[in-house]
Amino acid sequence: NAGVTQTPKFQVLKTGQSMTLQCAQDMNHEYMSWYRQDPGMGLRLIHYSVGAGITDQGEVPNGYNVSRSTTEDFPLRLLSAAPSQTSVYFCASREPGQLSGEAFFGQGTRLTVV
Amino acid sequence: GENVEQHPSTLSVQEGDSAVIKCTYSDSASNYFPWYKQELGKGPQLIIDIRSNVGEKKDQRIAVTLNKTAKHFSLHITETQPEDSAVYFCAASSTYSSASKIIFGSGTRLSIRP
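None of the values given here were measured: they were computed from a predicted structure.

Residue and element names in this part refer to chain A. With respect to the helices and strands, the residue Gln25 is situated in strand E3 (residues 19-25). Looking at Gln25, its side chain comes within polar contact range of the main-chain nitrogen of Met27, at 3.0 Å. The residues contacting Gln25, other than those within four sequence positions of it, are Gly3, Val4, Met32, Arg68, Thr71, Glu72 and Ser93.

Next up, the structure:
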């Protein structure tokens, strides 16, 4: 049971480049989310999804797009990378609603934009 | 929206002593309060959680208390050990809606002195 898998683990981008951070979970969780982690600011929610075909914005959505075509996958796209997007990105999944409890996190993607 | 404040940002305690981390939340609809531990280079992992229908929960050396009236909750670690050194995050969420978000505090870096 792999849990939540993120790829890649590390990435360096040039300003203006685009890329997709991949996230996959094998726990059949409806709820998936993306966070970014910056020093002193904890984990800030970028986008989330309560099921296939449904996405919504979190606290810091600007500069990021998401889609949810399957229950398992929730990719995060950076259309035109900026140095301010240098961060560690975490994907998480959990059960929604009344059953919600533990969120399971991936190992993170460390992104540097130069 | 929900806001979670966490203090202190750094904490250093002697091995064997106790450590206390405190959080406050703003949304009275929040009813689920997890605590996560993040070790270097890894994603956060749930260590304990509490729901609003109880005031205290304990798991071996770790306990969490909740004061709904004051909107405070705290993590208590007793008999600290070197392996307790990590970053700890509190969080708050409402389970009433399938779209409920988990909002995290800014984190506490706990160091255990030998």
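Attention now goes to the sheet that holds E3(A). All names here are of chain A. Taken in spatial order, the four strands line up as E1-E3-E8-E7 in an open sheet, and their pairing is antiparallel. Two strands in the sheet have a free side with no partner beyond their single neighbour: strand E1 (4-7) and strand E7 (64-66). Between one strand and the next, the sheet's axes are offset by a mean angle of 20°, whatever the strand orientation. With three bridges joining them, E3 and strand E8 (residues 76-78) adopt antiparallel strand pairing. Across the sheet, residue Thr20 finds its bridge partner in E8, namely Arg77.

Conventions and cut-offs
- Residues numbered from 1 in each chain as written.
- Chains lettered and ligands numbered in written order.
- Predicted model: local features only at pLDDT ≥ 70, side-chain atom pairs only at ≥ 80, totals over all residues.
- Heavy atoms only, no water.
- Helix = DSSP H or I, 4+ residues; strand = E, 2+ residues; numbered from the N terminus.
- Polar contact = N/O pair within 3.5 Å; in protein donor to acceptor, adjacent residues only side chain to side chain.
- Contact = heavy atoms within 4.5 Å.
- Pairing = 2+ DSSP bridges.
- Axes fitted to C-alpha atoms, helices over the stretch in contact; angles between N-to-C directions.

Scope: geometric values only; no functional claims are made or implied.
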